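Structure at a glance
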Amino acid sequence: MKNLALFCMFSLFATLFGCQAKVPFRSVDATAFSHELANPAMQLIDVRTAAEYAEGHIPGATLMDVGSENFDAMIRGLDKERPVALYCRSGRRSKMAAERVAKAGYEVVELDGGILSWKGEVER
C-alpha cells in the first residue's frame, strides 16, 4: 500500500511538472545495425523521401517517409510481433521516427548516423 501511494505521488508530480519518460528505442552504430539486420524477423524501414530512397537504400528496406502525412497509418501496418529497424540519411529523422514507432508499441532499433554511417562503415 505504501508503494502504491509513493507511485501515485510520483506520477502526479511527473504529470504536473512535465516530467515524462522518453519512449525507449536503441540507437546503434552501423556495425551493430548490420548485426541487427541478420535477424530474419527484423522489419527494415527507410524513413527518407522517395527521391532519397531511389538514389540508393539498404537492401530489403521498405520506404515509409516520416514526413508523409500517413506515416502513422503506415506504422500500424507493421507486425508488432517483429522488431523494427529504422534509418534515414544522417540519423535525425530516424530518431524522430523511432520515438513514434516505439510509442506505438514496437521494439525499435535506429541507425545512428543514418545511411551515411552505413556507407562509411559497412559498404567499404
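Criteria and thresholds
Residues numbered from 1 in each chain as written. Predicted model: local features only at pLDDT ≥ 70, side-chain atom pairs only at ≥ 80, totals over all residues. Heavy atoms only, no water. Helix = DSSP H or I, 4+ residues; strand = E, 2+ residues; numbered from the N terminus. Buried < 20%, exposed > 50% of the residue type's maximum accessible area, 1.4 Å probe, protein only. Contact = heavy atoms within 4.5 Å. Areas by Shrake-Rupley, 256 points an atom, 1.4 Å probe, with all protein chains shown as cover. pLDDT = per-residue confidence, 0-100. Expected span 1.5 Å × (residues − 1). Arc of directions from axis to C-beta.

Attention now goes to the overall build of the chain. Summing up its helical and strand segments, the chain has six helices and five strands in all. Order of helices (α) and strands (β) in the chain, N terminus to C terminus: α-β-α-β-α-β-α-β-α-β-α. Across the 124 residues of the chain, 34% fall into the buried class. Put simply, 65% of the contacts in the chain that link residues at least 6 apart link residues at least 24 apart. Here the chain displays about 7,800 Å² of accessible surface, and carbon together with sulfur accounts for 58% of that area.

This part takes up the confidence of the model for the chain. Per-residue pLDDT for the chain averages 87, and the proportion of residues at 70 or more is 80%. Residue range residues 3-18 is modelled with pLDDT below 50. Its contacts to residues more than four positions away, or to other chains, number one contact.

Across its twelve residues, helix H5 (residues 92-103) extends 17 Å between first and last C-alpha, which sits within 8% of the 16 Å expected from 1.5 Å per residue. Residues of H5 that are buried include every one of Arg93, Ser94, Ala97, Ala98, Val101 and Ala102, and no others. Looking down the long axis of H5, one finds its buried residues gathered within 155 degrees of arc, a one-sided arrangement. Residues of H5 that are exposed and point over 90 degrees away from its buried face: Arg92 and Lys103.

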